[in-house]
Structure formats: C-alpha cells, structure tokens
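Given next are the chains, with one letter for each unit.
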Amino acid sequence: RNDRVVLPLVKCIGKILSHGLLNDLLHSKEYDDNEGKASNNRSDFFASELICKLELEAKRSSNVSKLLSIVDVAVKLLGFENKQSYQNGDFLLVMKLLGHQYPRVRRFAAEQLYVKMIEDEGLSSSSSSNICMEISKGEYHQVSSLLLEVAWDDDLDGPHGNVREARNKVADLLHVKLTDSIRLSRKPNQEKMKKSLEYDELDSYQSLVDNA
C-alpha cells in the first residue's frame, strides 16, 4: 500500500469512469456456447475485483484524500454488478463508508450517493447502471430524504447525533444486508475508553498527592 501510487491511480479511475471510457467493459456481454445466452461474467469480474481492491485500500486507511477518492469510484460503480453480488459488493462498501469513523468521509459518501440516485432517477429502466431499479418509489424517496436531511458529520453514536442508525436505515431501504459488527453501535467500547481515561486521571492525581 503506497498512497503516492494508489491515490493518483484511484483518482484516474474515477475520471475514466466519469467520461464513460470503461462503459464497454462494464456493459460487455459474453455468450455461452452451450445455451447461446448472454452472460455478464467479464464485466462482473472486473467490477467485483475493482471493488475488492478499493475495500482493501480503504481498510484502516487514515488518508482522507484517498478515502474520498475511493468513495467517488465506489459510487460511480454502483449498479454495474449483478444481483447476486448486489448485497455484499459495491453497495456494502458504500454503506461502510457511509458509517466511516471520519465525518468528512461520511458526509462525502452521502452527497455522492444522493447525486447518483438523482441521476439514476432520470435514466431509463433498461439502463444496467440504474440503482433505482432495485427499490420502490417509496424507498427511493425515504433514502433520498435521509441522505439529504441527516447531518452525516455528526457523531456516529451519542447525544449529538446518531449517524449509524441513519446509515442502517439507508441500508435496509436499499436491501443491503449489514452484518451485526457493522450494524451495531460501538458505545460499549467508547464507554470503556472513557472509564479507562477517568481512571488514569484519578490515578495520576493520587500519585501527585502521594509525592507531595
């Protein structure tokens, strides 16, 4: 993982996708010689492999610029996978980024997903990259409202915001299955850290008293 190489590469892929230069590959169809039926194996493989690489680069990364570029590419790829990989591929990656620990990444992911849905609403139902085909109109409007109205740079959990709960609602409306580890709140860990910090402060104070 060399960010000096990866970041320009991901940005370049984003620009290539924006100009539609990979559309032929993403929309390509191969034919089964035995049945004569069209298959998307080639395009599915390319999209799935690219998403796997993006997820690997996003994992434990603290480079915000790289994470934002990954969001951009991941959202642009939405809808190009087949239905079998719909729930555990690109959409799952976008949902993870929508609940990322960095507020800026969450906000950007929400903005880009909202723009993608607005663009897809105007596409014909035959478009293979139209993510709105997978949800009802009611679900579409609910997702759009959440993406637009939730302050995605608020706290993930807590009194000042509950972004994780909003992300979970978006995932449910888009029929994306989240594992318990992704879905559940991390409050217990935060409380444990808080108690540990309070203990350290009291311990430090006691040591000062003892040394006085």
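Conventions adopted
Residues numbered from 1 in each chain as written. Predicted model: local features only at pLDDT ≥ 70, side-chain atom pairs only at ≥ 80, totals over all residues. Heavy atoms only, no water. Helix = DSSP H or I, 4+ residues; strand = E, 2+ residues; numbered from the N terminus. Buried < 20%, exposed > 50% of the residue type's maximum accessible area, 1.4 Å probe, protein only. Contact = heavy atoms within 4.5 Å. Areas by Shrake-Rupley, 256 points an atom, 1.4 Å probe, with all protein chains shown as cover. Axes fitted to C-alpha atoms, helices over the stretch in contact; angles between N-to-C directions. Parallel < 35°, antiparallel > 145°, perpendicular 65-115°, else oblique. Left-handed = near helix turned anticlockwise from the far one by under 90°. Nonpolar A, V, L, I, M, F, W, Y, C, P; charged D, E, K, R; others polar. Salt bridge = Lys/Arg side-chain N within 4 Å of Asp/Glu carboxyl O.

**Q** Is there a simple way to explain the overall build of the protein in this structure?
**A** Along the protein, the regular secondary structure elements total ten helices and two strands. Of the regular secondary structure in the protein, the N- to C-terminal order runs α-α-β-β-α-α-α-α-α-α-α-α. For the protein, buried positions account for 39% of its 212 residues. Taking all contacts inside the protein whose residues are at least 6 apart in sequence as the whole, residues at least 24 apart take part in 58%. Accessible surface computed for the protein: about 13100 Å², of which carbon and sulfur atoms make up 52%.

**Q** Just to check I follow, could you spell out the packing of helix α7 (residues 137-149) against helix α8 (residues 163-173) for this structure?
**A** Viewed as axis vectors pointing N to C, α7 and α8 meet at an angle of 160°, and their least axial separation amounts to 9 Å. Classed by the angle they form, the pair α7 and α8 counts as roughly antiparallel. Between α7 and α8 lies a crossing whose hand is left-handed. Contacts from Glu139, Gln142, Val143 and Leu146 in α7 reach Ala166, Lys169, Val170 and Leu173 in α8. A breakdown of the residues in the contact of α7 with α8 according to their chemical character gives five nonpolar, one polar and two charged.

**Q** Just to check I follow, could you spell out the pattern of salt bridges for this structure?
**A** A side chain of one charge can pair with a side chain of the opposite charge when the charged atoms of the two come close. Using the criterion set out here, one finds nine salt bridges in the structure. In this structure, Lys96 engages Glu55 in a salt bridge whose closest nitrogen and oxygen atoms are separated by 2.3 Å. Of this pair, Lys96 sits in helix α5 (residues 90-98) while Glu55 sits in helix α3 (residues 41-58), and the two are 41 residues apart along the sequence. By relative accessible area, Lys96 is classed as partly exposed at 30%. Close ionic contact of Asp120 with Lys116 constitutes a salt bridge, the shortest N to O distance being 3.5 Å. Placement of the pair is Asp120 and Lys116 together in helix α6 (residues 103-121), with a separation of four residues, close to one helical turn.

Such coordinate-based values are descriptive only and should not be taken to indicate function.
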